[in-house]
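Geometric and topological summary
Take a look at the letters that make up each chain.
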Amino acid sequence: MIKLLKGLTLALALTSFGAIADDVTSLQKIIFKQEAFKSSFNQDVKRSDGKEVAKSSGTLALKRPDRLMLHTLSPDEQVLFTKGNDVLYYDPFVNQVSIFSKKNLYTSPFMLLTSKSSEIWGKYTVKASGDTYTLTPKSVGEVRSIKIVVANDAIKDLYILMKDGNTNHYALSDITYSVSDSVFDYTIPKDVQIDDER
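Everything in this summary refers to the structure shown in the same document. No experiment lies behind these values; they were computed from the predicted model shown. (Residues numbered from 1 in each chain as written. Predicted model: local features only at pLDDT ≥ 70, side-chain atom pairs only at ≥ 80, totals over all residues. Heavy atoms only, no water.)

What follows covers the environment of V150. By secondary structure assignment, the location of V150 is in strand β9 (residues 143-151). C-alpha of V150 to C-alpha of D131: the two residues are 19 residues apart in sequence and 5.5 Å apart in space. If sequence neighbours within four positions are ignored, V150 has contacts with I30, D131, Y133, I155 and K156. (Helix = DSSP H or I, 4+ residues; strand = E, 2+ residues; numbered from the N terminus. Contact = heavy atoms within 4.5 Å.)

Moving on to the pattern of salt bridges. The tally for this structure, following the rule as stated, stands at 7 salt bridges. Note that D153 and K33 form a salt bridge whose closest N and O atoms lie 3.5 Å from each other. Pair noted here: D153 is in the loop between β9 and β10 (154-162) and K33 is in the loop between α1 (2-31) and β1 (36-46), with a separation of 120 residues, a long-range link. What makes D153 partly exposed here is its relative accessible area of 43%. Among the salt bridges present, the one from K63 reaches D181, with a minimum N-O distance of 2.8 Å. Linking K63 in strand β2 (residues 52-63) with D181 in the loop between β11 (167-176) and β12 (193-196), this pair joins segments that are 118 residues apart in sequence. Taken together, the shared-partner salt bridges in this structure form one network comprising K63, R67 and D181. (Salt bridge = Lys/Arg side-chain N within 4 Å of Asp/Glu carboxyl O. Buried < 20%, exposed > 50% of the residue type's maximum accessible area, 1.4 Å probe, protein only.)

Among the nonpolar cores identified, the biggest contains 31 residues, and L60, L135 and I148 are the most heavily contacted of them. Non-local contacts of L135, meaning those with residues more than four positions away in its chain, are made with L27, L112, W121, Y124, T125, V126, S145, I146 and I148. M69, Y90, V97 and V179 belong to the second-largest nonpolar core, a separate cluster that totals 12 residues. (Core = buried A, V, L, I, M, F, W, Y, C linked by side-chain atoms within 4.5 Å.)

The sheet contact formed by β9 and β10 spans 8 bridges and is antiparallel. When the sheet's bridge partners are listed, K147 is paired in β10 with Y159. Hairpin connection, β9 to β10: the antiparallel pair is bridged by 2 residues, and N152 has positive phi, about 55°. Counting the residues that bridge the hairpin from β10 to β11 gives 4 residues, and of these G165 lies at a positive phi of roughly 95°. (Pairing = 2+ DSSP bridges.)

Limitation: the analysis is restricted to geometry and does not speak to function.
See the structure below:
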């Protein structure tokens with residue numbers, strides 16, 4: 001009887017591990033099906049009680065292996081983009097750019113979408129339920145979970161649950177898979193204040 005229970009436990013554990021591995025593979029096939037991706041987005045931020053606290057809209061572009069442009073246009077312009085080994089966040093309202101090392105930002109949901117690295121993906125547990133994939137970080141940080149909703153083999157929605165209980169929802173539309181390199185170019189004014197976090 002004990003041998004039977006041990007055998008069942010091992011079989012269940014292996015089945016569970018296999019399902020999780022398959023969920024990662026399934027999600028990566030969708031994400032990395034195309035080498036480039038561009039869309040419009042509408043973002044809303046809600047508190048844990050469901051109250052909306054912010055809205056924005058703009059464009060998102062990705063190009064493998066690690067190019068990213070998140071350009072918020074409304075209500076205020078803000079730009080998050082990669083340049084070489086760095087990630088720049090520019091806020092024209094205060095005329096300041098913050099510079100981060102790319103390797104320190106791979107826990108960001110958008111940077112995760114640019115990389116196939118098993119080291120980076122290994123930091124998350126991935127579980128699928130229908131067309132929704134839930135990614136849970138294995139280490140405690142600012143992001144508690146990421147939900148990726150797909151439709152017709154394309155990302156439709158991103159839900160990012162933060163440590164403070166707020167949920168950032170990005171609804172994607174007007175998706176295209178041909179992205180010019182010029183999309184990732186952004187000229188920052190020479191008189192900008194620099195906050196170097198590298």
